[in-house]
Every structure is written in structure tokens, then in C-alpha cells.
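As a plain string of letters, each chain reads:
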Amino acid sequence: MTTPAPQPIATLPTSDCAALVRGEHADPFAVLGPHTVDRDGRVVIAVRVLAPGADAVRVRAGRRTIAATQIDVAGLFEAILDPAASVPIDMATGRARYRLEVVAADGSTTLVDDPYRHGPAIADEELARFVTGEHLGVGELLGAHAVTHQKLKGVRFAVWAPDARRVSVVGGLNHWNGIAHPMRPRGSTGVWEIFLPGLAPGEMYKYEIQPRSGKPFMKTDPAGGFTEVRPGTASIVVDDVRVRAPSSGQARGESRSIVAAPGSAGTGLDRPISIYEVHVGSWRRESDPVSPHGRWLTWNELADRLVPYAAAMGFTHLELMPITEHPYDGSWGYQSTGYFAPTSRHGTPAEFARFVAAARSAGIGILLDWVPAHFPRDAAGLARFDGTPLYEHPDPRRGTQPDWGTLVFHWGRREVSDFLLSSALHWLDRFGLDGLRVDAVASMLYLDYSRKEGEWLPNRFGGRENLEAIDFLRRLNQVVHERHPRALMCAEESTAWPHVTRPASEGGLGFDLKWNMGWMHDMLAYFEQDPIHRRFHHGKLTFVMYYAFSERFLLPLSHDEVVHLKRSLLAKMPGDPGQRFAHLRALYATQWSHPGKKLLFMGGEIAQWAEWNFATQLDWGLLDDPEEGVFHRGVGLLVRDLNALYRDEPALHGQDHALQGFEWIDFQDDASSIVSYRRIASDPEDFLVIVANYTPVTRRGYRIGVPAAAGYAEILNTDATKYGGGGIANAAVVTADPVPAHGRAHSIELTLPPLSLLFLRPVHPDRTGPHRPRVVLAKPVANRRRTS
């Protein structure tokens, strides 16, 4: 039975009515939904409904249906429920229980639950933790989440916009009309929230924000878990994803290869860490009739191709260049708008979780390149989110990044700091990643970074150090290591800032590893020299050992060195094509034999000639080239063998960060551009001898001092024919002679192939223990691509 609507009552002030239909009401829950009012001396329930575009609204309460009166042509309706007429009451809230029949202009009717009859969906104590800077689950507090609230299933939306006059959820549910679903302000917390019954994952949405002055605008959800594929910027409601964390003590091959916090028992930094840096959008692509460069691989395809490839090559970790959602392909992910969302370019969050699980099953750790330093100015992103500088520092002398035209986070604001910390934990908690590579740390540490005099604001002591950023980074590492003791935290820090890898409790920043940019620059500068001039640049080869143990270093040959007209690694090398390949093999062997963990950018392992191009895939066809394919495949085979040797030889990884793990034999032969050194395991009798010849001249009868009167087996030679070299080698075992050299009583005489490194292990036929049998290295393969 439908009851005719009574005449409008006068209990709703005209000002409230006007503010609602203009989309300017600061507290819509105060007037919409059910409210007890006095009408002619008796208490009734007035149900007010804002339904723009509706032709009629009816309120269904129990067995009765009451027609609402339209009290504003913009879509404001009101119905009167008489409590005496047995109106159902929701025991959880004490409010009337009813549903709405919304009649559209075409006569179609939709039955919905009124979101404005529900109480708050976020507890006061949760919001109190957020505003005091003690909430590290911002991704769960804010954003869109499918929940059951007051016995109804739906989606809870929450967003932080403290200076907004009004915030609404907009999307297909209301034809992107910001008037329809204004949110509830939660006091002085700056949080707006609303529970929309009946919604489910898959719903596309944004927030429409009415600033204090000016016109309303739409924003992507900062804490959203998924976004439509660019160029669209709408957020998408998704089910929460959680990848099961591995049990403690699992070995590599059972789950994943990770490490513990610095200073803890068994840090794990004595393990081999060899990282394959990947831009997933350009590693490999599938043919596509629409795009000449092909389509992106999906997360499922990457799980089936990239993970086995990295495992076959012997890498322990994949480092993903930023896969947090970003609108511009050309930013490579470093200008993010979605700090909780894996990019939709490759599939859904659930499919990304499958990719992570596949890596874990293969014993491969996943590191995320994460960017807490800055964010883009895109209109739909974080910039001036509520009409004011909210996430960015309000002073442009601190809030802008001149190099990249981006905005700098306001780390001193508690809510912003918790937003970023929660993002970091989100990837470790939810997706089970093994650690983070924190980008652009140097730009965070210095207030005058890339700024001229007068363009930066000193700290409170008059210095150039960014005290807020320092506190943030220390807290980041402390929180991550408390929650995930085996997570690996790496700093891309390019200056001489002290104690980057010392614990925060000892005055450091608390990272596990620091990128050794000095090593990278010096090595590339040395290798780019014509060998005839290298004698004058010998210091670039050896200087690294003066500071190699001042931090825990990672040696990177990253994407930054093969873009922007810097040329590929192979193209940097001097000489004819054959010599260039030999130089590159020597460079990789130098990297793998030096103290420090390893990182190689994709394409380096196939000796790509061209610079990296984010818009297309790697030059996999080089492996099939009839003339040079053998050289490209040979470089890949060498990388695989270096990884195997690095993994199996404690001398090459066990004391990467200890002075006792390295000893020069001779670093003074600059005239011949030859160096020799030892890598030493924790057992001092377990060591390798490495000899490097950086000239294109074969050196015969070259003598070096050795510490033990033993035979020395050549276990890797970068000039081997299987790597594309000339095949110049020594006897299977070279016997030490009682001939003093380099301050040692014994020495060995070697033939040094041109542009090559030799790895030798002492062999004692009458002893067992650390002097193990010869390592079985990989055999040549016809086509390295097949490993993928």
C-alpha cells in the first residue's frame, strides 16, 4: 500500500536545502536520511533523500510504502514516517529501517538502501590514531573497501581532505554527479567517509571535492587499490589482496631470498644478492595489430616468463622499476599517483599477487622501486588535493622539485608521513614483497638539492640538511624492520652522506644497502677509456677500495646508465665489435668479483647495442643474429655462470661488507693495466684469486704472489670460447712455485688473455674442507631466449 505524501514541513531550513542542492553542505548526514522532527506537536520521522534526476522517490518501511514529496526541483525529496505506524527500527543504530524506491524519468525504478540512514563506518579511535601520526594502516583506514556494515554488504569510502568544503563519491552509481552522494565529515580529523550499501568490487569511482573557494574538481583516490588503465584516472573498487607471508627460516628455493634488519642476529647480508632490474612494460612484449611496439605482458604472463627466466639466469631478486600506478609512461613509474595500487597496465592486483607468489615459489625475491621523494602535478593526483597544499610542502622553496617539475612531500606533516609509511608496509604486508629500493634519497636529504642560492629554505639551525626527511627515513627503516625483520631496504643515494646503512639508533639512516654510485661512475669512466690510455686512469679502477667498507654497498649497473644518449653498456665499450664484447665481459666479471651486492639492468645480459627504450621490448632478436648472436648469447652465459659462481662461493659473498673479505695482491701495475686480488670467506683458508687484464694484449708468464703453496684451478675465464672469447687459457691446475712475489713466499705464473678476468681457486689434493671440487658452470645454449 502506498501512502500519499503529506505537504512539506518547515523543519528543514531553506539554507540547508539550498546548500544541499548546490553541493556545498558541510555536513549532509545532519539533514539527509531519517531525522526525528516535531510536526504539529508530535514527533515524526522525516526521511530526506537527495536524488538528482529522479522523477519520484518512495520510502518502503515494513509493509508500507510512503511517497516522498519533492521539496526542491534539483532532486531533494522528503517523506514523513509516523512512529505510531509500526515503523521498523534498526536495533544497531536506533534509526528507522527502510529502503528507497527511486523512479527515473523513463519510469524505471531502482530499489536501494539509503546510505544516510547508517552511522559512521570508521571508529573514532582509528581516526584519533591517524591525526596523531600513529596509524600505519592508512591503506585500510582510507580508500574504498568492500565491507559488511550494520549487517549490510557494501563499500566504505574514506578520504582525507581537511580543507574541503564538501567531498562526494562520484561514479557510474550516480552518473558522476557530485551532488548525489556527499560524504560525512569526521569532525576535525579532516577525514570524510560514507558507506554505500549494495556496491561491490568492480565499481569505478572518484572523489569530487568542493574547495573553500572556486569550482569543484575530481580526484583519484590516494589510497585506492586499483585504477583504470591510462589515460583514464578513475579508481576501481577491488577486493583486498593478501599474499601469505613465508614462514621464518625457509631457505632460498622454498620461498624467497630476503635478509634481516641491520644489527640483528644473522642479518642475511652474508648471502648472495644478485638483482635483475626490470621495467616490466618493456622487458618483453606480445605482437599487437594496434601497436607497432606490441602490447604489455600481463602479470600472469610475466609470472610464466619473467620469473623462470630470472631463475634460470641465477638472479636472487627481481627489482621492479615503479609499478605503483602512474599516468605517464615516459616517467617509467617514478611519478606516481597511486601509492597503494599496482599499475593496471598489466592486470589486476590479484594477478600481481599471483606474479609475486610465482616468484616466491621459484626462490626469487621481489623488490619494489618506491618513490617517497616527490609526486607529479597531474590534476587527478595528489597535487593540491583539497584545494590547498596537502601532501606537498606549502613553501615552494621546499615543496617543488626543479629537476623533474614535481612536488615534494611534506614529511613533517604527521598524516603525510603515515600515508607514505603505510604505502611502504602495504607492499610488504599485502603483497609479500621482499623489500624496497627507495628512490632519490639524495634529493630528500638536502634542502638545496638542485637549487641555486636563495631558492631554498634552511632548516631551523641554518643548515642544508632536511631534518624532516631524515626523521622520516629513519622511521621508515625502523618501522619496516620491526614489522618485517628480513626485508631488504636499499637506498639510491648518490652523495657522501655518512652512515646511510648504520642503524638509526647509532645515528644512521637505517638502510640495509646503499647504491655505490661512485663505483659505477668510476668503472664506466675507466672502461670507456681506450686501453692505451688506461694506465693514466688506473686510480679509477682502484679508488673504490678506499671506501668500499664505509657502508654496506650494492654495485649497480642500472637503467640510468643506458638512457638519455648515454648509450648502452656494450656501446660504451671501445674498440672493434669483438673487443667491445670482451670489455663488457670484463666489466661484468669485475662487478661480480668486487665486494658488494650486484644489480644489472635488463638487456645488459644480452649485450644490447641500443639504449633502453621504455616504449618497446628488448632486442631479443640479437640472440639469433647469424654473425654476432654467438657473442650476445655468450655474454648471457657468462652472467649466468657469474651468478652461479657468486652463489656457490662463500668467498665472493660471505664477507661482502667486511674488510677481511678482500685483499689486494697487486694494484700497482698501472703500466700493464693489470690488478690482482683475493676474495676471502669467513674461513680464511677459503678464498679465490682474481686476476684482471684490462688491455687487448695477451700477457704470458705473468707472475703473481699467492698466500698458499697449492695448485690453483682456473674456475672461470671470461675469454672462454663459450662466452665468445678467444679461448686462451691456463693449465687445469697451476702449481705454486717457491718464488717470492708481491710480498708472498710463493707465486704462480699465468697466461693472461686479453681484456679478461681469471678466477682461480686453491686446490689441495691431500685436503678436504673449504677447497671444494671444481664448480660445474652452465653449458652453452643455442638460443638464450628459450630460457624464458
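Residues numbered from 1 in each chain as written. Predicted model: local features only at pLDDT ≥ 70, side-chain atom pairs only at ≥ 80, totals over all residues. Heavy atoms only, no water.

A. Region of the structure containing the overall build of the chain. Of regular secondary structure, the chain possesses 15 helices and 40 strands. Each of the three principal axes of the chain carries a C-alpha extent, and together these read 115 × 60 × 45 Å. For the chain, the residues scored as buried account for 60% of the 788 residues in total. Pairs at least 24 apart in sequence give 70% of the contacts found in the chain among residues at least 6 apart. Counting every atom, the chain has about 29,500 Å² of accessible surface; 52% of that belongs to carbon and sulfur. Side chains of the chain carry 84 positive and 90 negative charges; the gap between the two charge centres is 2 Å. (Helix = DSSP H or I, 4+ residues; strand = E, 2+ residues; numbered from the N terminus. Buried < 20%, exposed > 50% of the residue type's maximum accessible area, 1.4 Å probe, protein only. Contact = heavy atoms within 4.5 Å. Areas by Shrake-Rupley, 256 points an atom, 1.4 Å probe, with all protein chains shown as cover. Lys, Arg positive; Asp, Glu negative; His and termini not counted. Charge placed at Lys NZ, Arg CZ, Asp CG, Glu CD.)

B. Region of interest: the confidence of the model for the chain. For the chain, mean pLDDT is 90; residues scoring 70 or higher make up 91% of the total. Taken as a whole, residues 247-267 scores under 50 in pLDDT and shows 62 contacts with residues more than four places along the chain or in a different chain. A low-confidence stretch, residues 778-788 stays under pLDDT 50, and its non-local contacts, those more than four residues away or across chains, total 34 contacts. (pLDDT = per-residue confidence, 0-100.)

C. The arrangement of the packing of helix 4 (residues 299-313) against helix 5 (residues 349-361) in detail. It is at 8 Å that the axes of helix 4 and helix 5 come closest, and there the two elements cross at 15°. Between helix 4 and helix 5, the crossing angle belongs to the class labelled roughly parallel. Relative to helix 5, helix 4 is oriented so that their crossing is right-handed. The residues of helix 5 that touch helix 4, namely those facing Trp299, Asn300, Leu302, Ala303, Asp304, Leu306 and Val307, are Glu351, Phe352, Arg354, Phe355, Ala358 and Ala359. (Axes fitted to C-alpha atoms, helices over the stretch in contact; angles between N-to-C directions. Parallel < 35°, antiparallel > 145°, perpendicular 65-115°, else oblique. Left-handed = near helix turned anticlockwise from the far one by under 90°.)

D. View of the packing of aromatic side chains. The tally for this structure, following the rule as stated, stands at 38 aromatic pairs. Taking 5.4 Å as the distance between ring centres and 45° as the angle between the ring planes, the aromatic pair formed by Trp299 and Phe355 counts as tilted. Placement of Trp299 in helix 4 and of Phe355 in helix 5 is noted, with a sequence separation of 56 residues between them. When the ring of Tyr526 is compared with that of Phe527, the centres are 5.9 Å apart and the planes differ by 80°; the resulting orientation is edge-to-face. Residue class for Tyr526 comes out buried when judged on its relative accessible area of 0%. Taken together through their ring pairs, the aromatic side chains of Phe130, Trp160, Tyr339, Phe340, Phe375, Phe385, Tyr391, Phe409 and Phe419 make up a single cluster. Across the ring face of Trp620, the terminal group of Arg284 is positioned such that the distance to the ring centre comes to 4.2 Å. (Phe/Tyr/Trp six-rings, centres within 6.5 Å; stacked < 30°, edge-to-face > 60°. Lys NZ or Arg CZ within 6 Å of the ring centre and 35° of its normal.)

E. Up close: the pairing of strand 28 (residues 435-438). The alternating pattern of strand 28 places Gly435 and Arg437 on one face and Leu436 and Val438 on the opposite face, and all of these are buried. The pairing of strand 24 (residues 365-370) with strand 28 spans four bridges and is classified as parallel. Bridging across to strand 28, Trp370 finds its partner in Val438. For strand 28 and strand 29 (residues 488-491), the ladder comprises four bridges, and the chain directions are parallel. Across the sheet, residue Gly435 finds its bridge partner in strand 29, namely Leu488. (Pairing = 2+ DSSP bridges.)

F. Seen up close, the sheet that holds strand 14 (residues 191-197). If you trace the four strands from one edge of the open sheet to the other, you get 10-11-14-13, paired in antiparallel fashion. Among the strands making up the open sheet, the edge pair consists of strand 10 (143-149) and strand 13 (184-185). Bridge count for strand 10 against strand 11 (residues 152-160) is seven bridges, and the pairing is antiparallel. Paired with Thr148 across the bridge in strand 11 is Lys153.

G. Main features of the nonpolar core. Counting 185 residues, the largest nonpolar core has Phe157, Trp283, Leu318, Phe355 and Tyr588 as the members making the most contacts within it. Core analysis: the next-biggest nonpolar cluster, separate from the first, contains 19 residues, Tyr702, Val706, Ala708 and Leu760 among them. (Core = buried A, V, L, I, M, F, W, Y, C linked by side-chain atoms within 4.5 Å.)

H. Quick look at a nonpolar patch on the surface. A grouping of Phe543, Tyr546 and Phe667 is seen on the molecular surface, where their side chains present a nonpolar patch of about 360 Å² in accessible area. You can call Phe543 partly exposed: its relative accessible area is 45%. (Patch = residues over 30% accessible without salt bridge, like charges linked within 9 Å, V, L, I, M, F, W, Y side chains within 5 Å. Salt bridge = Lys/Arg side-chain N within 4 Å of Asp/Glu carboxyl O.)

I. Up close: the packing of helix 7 (residues 414-429) against helix 9 (residues 467-483). The N-to-C vectors of helix 7 and helix 9 enclose an angle of 30°; their axes lie 10 Å apart at closest approach. One element, helix 7, and the other, helix 9, form an angle in the roughly parallel class. The two elements helix 7 and helix 9 cross, and the hand of that crossing is right-handed. Note on element contacts: helix 9 touches helix 7 through Phe472, Arg475, Leu476, Val479, Val480 and Arg483, opposite Ser417, Asp418, Leu420, Leu421, Ala424, Leu425, Leu428 and Asp429. Classifying every residue of the contact of helix 7 with helix 9 by side-chain character gives nine nonpolar, one polar and four charged. (Nonpolar A, V, L, I, M, F, W, Y, C, P; charged D, E, K, R; others polar.)

J. Focus on the pairing of strand 31 (residues 553-557). Burial runs high along strand 31: five of the five residues are buried. Neither face of strand 31 is open: one carries Phe553, Leu555 and Leu557, the other Leu554 and Pro556, and all of them are buried. Pairing between strand 30 (residues 513-515) and strand 31: two bridges, direction parallel. What sits directly across from Lys514, in strand 31, is Phe553. Note that strand 31 and strand 32 (residues 597-601) share four bridges and pair parallel. For Leu557, the partnering residue across the bridge sits in strand 32 and is Leu600.

K. Just unusual backbone geometry, in detail. For the peptide bond that leads from Arg230 to Pro231, omega is 15°, which places it in the cis range. By secondary structure assignment, the location of Pro231 is in the loop between strand 16 (217-219) and strand 17 (235-236). Residues other than glycine seldom take positive phi values, yet Ala440 does so here, at roughly 55°. Residue placement: Ala440 occurs in the loop between strand 28 and helix 8 (441-445).

L. Region of the structure containing the pattern of salt bridges. Here the structure, examined in full by the defined rule, presents 38 salt bridges. Arg437 is the partner of Asp369 in a salt bridge, and the nearest nitrogen-oxygen pair spans 2.7 Å. With a gap of 68 residues between them, Asp369 in strand 24 and Arg437 in strand 28 connect regions that are remote in the sequence. Like Asp369, the residue Arg437 is buried in the burial classification.

M. Up close: the sheet that holds strand 2 (residues 33-39). Strand order in the open sheet formed by four strands is 2-3-7-6, with antiparallel pairing between adjacent strands. Pairing within the sheet leaves two strands with one partner each, and these edge strands are strand 2 and strand 6 (69-72). Recorded for the sheet is a direction-independent mean angle of 35° between the axes of neighbouring strands. Pairing of strand 3 (residues 42-50) with strand 7 (residues 76-81) involves six bridges; the strand directions are antiparallel. If you follow Ala46 over to strand 7, its bridge partner there is Ile80.

N. Local environment of the environment of Phe511. Following the sequence through the fold, Phe511 ends up in the loop between strand 29 and strand 30. As for Phe511 and Pro376, which are separated by 135 residues in sequence, their C-alpha atoms are 26 Å apart.

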